[in-house]
Amino acid sequence: MLSERMLKALNDQLNRELYSAYLYFAMAAYFEDLGLEGFANWMKAQAEEEIGHALRFYNYIYDRNGRVELDEIPKPPKEWESPLKAFEAAYEHEKFISKSIYELAALAEEEKDYSTRAFLEWFINEQVEEEASVKKILDKLKFAKDSPQILFMLDKELSARAPKLPGLLMQGGE
């Protein structure tokens, strides 16, 4: 059984993961408007991944006899100054999510909730990957500066990312 404090913290993180998906969908729309379909594809795949993270929290809460509480999802920004600024925002957001996961793990340790601590281990490792993947793209964008050729090549590269939840959202109107 989860303590009230742990249940609230897990619900808060579930809602952060849903906001993350919302943010990445907003970034995908921004890139679609710029005609950068590869960037949009990458962000849609990222949004799908965040939905998967939220589902993990959702299921875990119920596995531990808790109750999911969904909050209002704040409206994300819809414009960024440039692709570089969008990826800087994505990187800062991933660092924020990492910090949130670390705080959850610390709470689980404090409460001697070893099941929750073990559950969070996957997220701790996942956040290393999340930050690194965004940082690699960010570094390439910084290198590209205002080069349309490099931006085009990066757009093509990002179009190759496949969703981790095949068929969930990438199918369009099917």
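All figures in this text were calculated on a predicted structure; none of them were measured in a lab.

Caption draft 1: Inspection of the environment of Ala118 at higher detail. Residue placement: Ala118 occurs in helix α4 (residues 114-144). As for Ala118 and Ser147, which are separated by 29 residues in sequence, their C-alpha atoms are 45 Å apart.

Caption draft 2: Up close: the pattern of salt bridges. Evaluation of the coordinates by the stated rule reveals 13 salt bridges. A salt bridge links Lys85 to Glu88, with the shortest nitrogen-to-oxygen separation between them at 3.4 Å. Here Lys85 and its partner Glu88 are both found in helix α3 (residues 83-110), three residues apart, which amounts to about one turn of the helix. The class of Lys85 is partly exposed, set by a relative accessible area of 34%. The partner of Arg117 in a salt bridge is Glu109, and the shortest N-O contact between them spans 2.7 Å. The class of Glu109 is partly exposed, set by a relative accessible area of 45%.

Caption draft 3: Representation of helix α5 (residues 148-158). Of the positions making up α5, those classed as buried are Leu154, Asp155 and Leu158. For α5, the angular spread of the buried residues around the axis is 105 degrees, confining them to a single face. Turned more than 90 degrees away from the buried face of α5 sit Gln149, Phe152, Met153 and Lys156, all of them exposed. Next to the buried residues of α5 lie α2 (37-63) and α4.

Caption draft 4: Inspection of a nonpolar patch on the surface at higher detail. On the surface, Leu55, Tyr58 and Tyr62 cluster together into a nonpolar patch covering about 270 Å² of accessible area. Within the fold, Tyr58 resides in helix α2.

Caption draft 5: A look at the environment of Glu92. Within the element layout of this structure, Glu92 appears in helix α3. Sequence-wise, Glu92 and Pro74 are 18 residues apart; in three dimensions their C-alpha atoms are separated by 17 Å.

Caption draft 6: Quick look at the UniProt feature "binding site: Zn(2+) 2" (unreviewed entry) in the chain. Cross-referencing UniProt, the feature "binding site: Zn(2+) 2" (unreviewed entry) maps to Glu50, Glu94 and Glu130 in the present numbering. Spanning 81 residues, the named residues form one tight spatial group whose C-alpha atoms are at most 10.8 Å apart. Residue classification places Glu50 among the buried residues on the basis of a relative accessible area of 0%. For Glu50, the contacting residues outside a window of four places in its chain are Glu17, Ser20, Ala21, Tyr24, Glu94 and Glu130. Here Glu94 shows up in helix α3.

Caption draft 7: Structural detail: α4. In a regular helix each residue adds 1.5 Å, so 31 residues correspond to 45 Å; α4 covers 46 Å between its end C-alpha atoms and thus fits that length. Bending of α4 peaks at approximately 30 degrees at the position of Leu120. The positive-phi residue at the C-terminal boundary of α4 is Lys145, with phi of around 50 degrees.

How each quantity is defined
- Residues numbered from 1 in each chain as written.
- Predicted model: local features only at pLDDT ≥ 70, side-chain atom pairs only at ≥ 80, totals over all residues.
- Heavy atoms only, no water.
- Helix = DSSP H or I, 4+ residues; strand = E, 2+ residues; numbered from the N terminus.
- Salt bridge = Lys/Arg side-chain N within 4 Å of Asp/Glu carboxyl O.
- Buried < 20%, exposed > 50% of the residue type's maximum accessible area, 1.4 Å probe, protein only.
- Arc of directions from axis to C-beta.
- Contact = heavy atoms within 4.5 Å.
- Patch = residues over 30% accessible without salt bridge, like charges linked within 9 Å, V, L, I, M, F, W, Y side chains within 5 Å.
- Areas by Shrake-Rupley, 256 points an atom, 1.4 Å probe, with all protein chains shown as cover.
- UniProt positions renumbered as here; feature names shortened; annotations may be inferred.
- Expected span 1.5 Å × (residues − 1).
- Bend = angle between axes of the 7 residues up to and from the residue.

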